[in-house]
Amino acid sequence: MPSHQAVAGDLAVDPQFVSEPAETKKVHITDTPITKSNWYKHVDWLNCFFILGIPALGCVAAFWTPLQWKTALWAVIYYFWTGLGITAGYHRLWAHKSYSARLPLQIFLAAVGGGAVEGSIRWWSRGHRAHHRYTDTNKDPYSVRKGLLYSHLGWMVMKQNPKRIGRSDITDLNEDPVVIWQHKHYLEVVAFMGLIFPTLVAGLLWGDFQGGFIYAGILRIFFVQQATFCVNSLAHWLGDQPFDDRNSPRDHVITALVTLGEGYHNFHHEFPSDYRNAIEWHQYDPTKWCIWVWSKLGLAYGLKQFRANEIEKGRVQQLQKKLDQKRSQLDWGVPLEQLPVIEWDDFVEQSNNGRGLVCIAGIVHDVTEFINEHPGGRALIKSGLGKDATAMFNGGVYFHSNAAHNLLSTMRVGLIRGGCEVEIWKRAQKENKDAQYSKDEFGNPIIRAGNQVTKIQQPIVSASAA
Ligand SMILES: [Zn+2]
Ligand SMILES: [Zn+2]
């Protein structure tokens, strides 16, 4: 993974004739391959201790710590508070500015968000903005392209080259006194909100200091961390992509359940400044519900929402893309412009020689294989061989279905020179300025129901009229 990607201009210079710039001699550890002798240098041991070591100690200590129901309830409540600190605070308020909060709510979210032990608002938001700006690239600090485990934990337990992470603008956060205060006093905030506060609540209110420390402190931190890490991993790996499928973000209810509603991540990456992640009433987004309630209480205001019209446009475009992909996998027959031109006399002669050819709307179809399968019987289809059966097919004898026209198009083998319907159709294609809209994104024509070239728009009343 070179930190310096080759660009077109670089190729003009042969690297073997260029002396190494001085700065590349100081290679960052992340730019060297992991080997048996240096693997421990790649590991961020401090983060390992916080993310994996402390929870492991907590699990062991839990064996000697009876779980009281009040403490269990408190641990769950505090889990939601600290989780909301990340989702409603760090993420939707500070990283995305999707709404504004009054000072008391800002202080509450900065405090409980600190209790989730995921870094300061300033550090977290900077990484998250880079993640949105450079999603799935080398500059994405937790790119899922480097593996699910990497996006979940690896990016924190392994050292990262800070120069590699994409730049993001956090000037607004540098002017936010709550953000700056929390960043400066981060260790005190973490120690107090992560461990001391949950311990004091359980200890002073019902005398369970040890349970408060282990369950509402250490193990609750572990669960809230793992849950919110899922936004970086699971939300880029599991589910549907109703708005855009060029990048990895996905929507899934399981991710939403785990992450307090951050699971509608495909929507979120498309409309990041919307205070909602879920837009349907039945989808689980407690973070959105809380922000809405705070706005009713006067604690939050300026809730941003994309217009439904814009959201639906994105959804329809993605549907169209999926439709085009499905259409391109079907057999629509050889395109007219690729068919050979056949003289009428050759067509009649080949038919007389036993080839099952029928001409409909100037297009020659080989129905040899189909004669025995014809739902209308062999006799009728045989009566059309070697002839112009346009009128018979379009109501003269039987008014064929849309499916029949579709099936017929897969049997086309040529065009009759000067065939009238084909000439009219070709001229219409040339003259029609909107013709480009009848092609899908692969450039294939879109054949709508009832629009096949073999279909004569005004049904012919009797065979004799043709
Ligand atoms: Zn994401
Ligand atoms: Zn985001």
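Note that the coordinates shown come from a computational prediction; the quantities given were computed from them, not determined experimentally.

Enquirer: Where do I start with the pairing of strand β5 (residues 363-366) in this structure?
Expert: In this structure, strand β4 (residues 357-360) lies alongside β5, joined through 4 bridges in antiparallel fashion. Bridge pairing in β5 places Val358 opposite His365. Hairpin connection of β4 to β5: 2 residues between the antiparallel strands, including Ala361 at a positive phi of 55°. Sheet topology places β5 next to strand β6 (residues 412-416); 3 bridges connect them, and they run antiparallel. Note on β6: the bridge partner recorded for Val364 is Gly414.

Enquirer: Any chance you could explain the UniProt feature "transmembrane region" (unreviewed entry) in the protein here in plain terms?
Expert: UniProt feature "transmembrane region" (unreviewed entry): in the numbering of this structure it lies at residues 45-65, 71-91 and 186-206. In the segment residues 186-206, helix accounts for 100% and strand for 0%; the C-alpha atoms at its two ends are 29 Å apart.

Enquirer: What is the right way to look at the environment of Gly386 in this model?
Expert: Here Gly386 lies in the loop between α16 (378-383) and α17 (390-393). The sequence separation of Gly386 and Val364 amounts to 22 residues, and the corresponding C-alpha distance is 9.5 Å. Not counting residues up to four positions away in its chain, the partners in contact with Gly386 are Val348, Ser351, Asn352 and Leu357.

Enquirer: Which parts of the structure should I look at to understand the nonpolar core?
Expert: Across soluble globular proteins, nonpolar side chains show a tendency to be buried alongside one another. Judged by nonpolar contacts, the single largest core of 55 residues is most densely connected at Trp94, Leu109, Ile121 and Cys230. Looking at this core, the elements that each hand over two or more residues are α2 (45-62), α3 (69-95), α4 (103-114), α5 (121-133), α6 (148-157), α9 (186-206), α10 (209-229) and α13 (286-296). At 11 residues, the largest contribution of residues to this core is made by α3. With residues up to four places along the chain from it excluded, the contact list for Cys230 reads Ala235, Thr255, Val258 and Thr259.

Enquirer: How should I be thinking about the sheet that holds β5 in this particular structure?
Expert: The strands making up a sheet are joined through hydrogen bonds of the backbone, oriented either antiparallel or parallel. The 4 strands lie next to each other as β3-β6-β5-β4, forming an open sheet whose pairing is mixed. Sheet topology places β3 (341-342) and β4 at the edges, where each strand pairs with a single neighbour. The pairing of β3 with β6 spans 2 bridges and is parallel. When the sheet's bridge partners are listed, Val341 is paired in β6 with Leu415. In the packing of helix α15 (residues 344-352) onto the sheet, the strands contacted are β3, β4, β5 and β6, and the crossing angle to β4 comes to about 145°.

Parameters and conventions
- Residues numbered from 1 in each chain as written.
- Chains lettered and ligands numbered in written order.
- Predicted model: local features only at pLDDT ≥ 70, side-chain atom pairs only at ≥ 80, totals over all residues.
- Pairing = 2+ DSSP bridges.
- Helix = DSSP H or I, 4+ residues; strand = E, 2+ residues; numbered from the N terminus.
- UniProt positions renumbered as here; feature names shortened; annotations may be inferred.
- Contact = placed C-beta atoms within 7 Å.
- Core = buried A, V, L, I, M, F, W, Y, C linked by C-beta atoms within 7 Å.
- Buried ≥ 20, exposed ≤ 12 C-beta atoms within 10 Å, placed from the backbone.
- Axes fitted to C-alpha atoms, helices over the stretch in contact; angles between N-to-C directions.

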